[in-house]
Amino acid sequence: MESPGRQPGLTLTSYGGHSFRFDPGALCLELVTTGGPGAFARWEVLHEPADLVAWANRSRLPDGLGLAVTQDELAEARGLRNALLLLAADRAHGRPLQPGHLDIVNAAAAEPPLVARLTPDGTRAWAPGATGTQLLSTVARDAIDLFTGPYADRIRECGGHNCALLFVDTSRPGRRRWCSMEHCGNRAKARAFRSRQAADEQAT
């Protein structure tokens, strides 16, 4: 469920300080951009409950969530995020999915999700009192839909040098290679151009 009129995707900042637009193609993979275990900890942005609220407001979820998050829910969000990252990476590389990671996703999905309601003017809005637990349930259910749906075999890891961003390849031919053409795609083209130039100079 995406916000009407909102361009899906997030604005990310590279390690070198360059901003670029990245659309991973799924809500659950948007959460994965907030950090992760091990080497991914350097990208951690979920330090306080307000950080998870800010992420939800930037995500592909419709506006007007009015979310309230506790410290415990923030910790659960990081745990779910870490499990999703590892599951998606395993899927992208054809590795078996780990039961412990699946248990985390399934436990989150078993909770009540965010609730939408119909307003008197015929528009869609969120029911008041949205919690972090409901948000995580919605994210986990999105992951289950992704991993069991038609794009389950289209989960990819960016082919860029030193980039591990994960996305769903929804392109018609199924040949998307980069997290973003303006980021890793352009860098790859620039490296290929320099390589051809060096080869031509050596040949002459």
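Now for a look at the structure at hand. (Residues numbered from 1 in each chain as written. Predicted model: local features only at pLDDT ≥ 70, side-chain atom pairs only at ≥ 80, totals over all residues. Heavy atoms only, no water.)

### Notes on the overall build of the protein chain
Looking only at helices and strands, the protein chain features six helices and six strands. For the protein chain, the succession of helices and strands along the chain, N to C, is β-β-α-α-α-α-β-β-α-β-β-α. Scored against the burial criterion, the 204 residues of the protein chain give a buried share of 40%. Taking the intrachain contacts of the protein chain between residues at least 6 apart in sequence as the baseline, contacts between residues at least 24 apart amount to 58%. Working note: accessible area of the protein chain is about 11,300 Å², and carbon and sulfur atoms make up 52% of it. (Helix = DSSP H or I, 4+ residues; strand = E, 2+ residues; numbered from the N terminus. Buried < 20%, exposed > 50% of the residue type's maximum accessible area, 1.4 Å probe, protein only. Contact = heavy atoms within 4.5 Å. Areas by Shrake-Rupley, 256 points an atom, 1.4 Å probe, with all protein chains shown as cover.)

### Examining the nonpolar core
One finds Leu52, Trp55, Leu80, Leu84, Leu135 and Val139 to be the most contacted residues of the largest nonpolar core, which totals 49 residues. Contributing elements (two or more residues each) for this core: strand S1 (10-13), strand S2 (19-22), helix H1 (27-32), helix H2 (49-58), helix H3 (71-92), helix H4 (99-109), helix H5 (132-148) and strand S6 (166-168). Residue contributions to this core peak at eight residues, all from H3. Apart from residues no more than four positions distant in its own chain, Val139 is found in contact with Leu27, Cys28, Leu31, Trp55, Leu80 and Leu84. (Core = buried A, V, L, I, M, F, W, Y, C linked by side-chain atoms within 4.5 Å.)

### Quick look at the pairing of S2
Strand residues, when the strand is regular, have side chains that alternate between the two faces of the sheet. Residue alternation in S2 divides its side chains into a buried set, Phe20 and Phe22, and an unburied set, Ser19 and Arg21. With four bridges joining them, S1 and S2 adopt antiparallel strand pairing. Looking at S2, one finds that Leu12 is bridged to Phe20. (Pairing = 2+ DSSP bridges.)

### Considering the environment of Leu74
Its place among the elements puts Leu74 in helix H3. With 58 residues separating them in the primary sequence, Leu74 and Gly132 have C-alpha atoms 7.5 Å apart. Not counting residues within four places of it along the chain, the set of residues in contact with Leu74 comprises Leu46, His47, Glu48, Pro49, Leu52 and Val69.

### As for H2
Because each turn of an α-helix spans 3.6 residues, side chains separated by three or four positions in sequence point in the same direction. By the burial criterion, the buried members of H2 are Pro49, Leu52, Trp55 and Ala56. Taken down its axis, H2 places every buried residue within 120° of arc, on the same side. (Arc of directions from axis to C-beta.)

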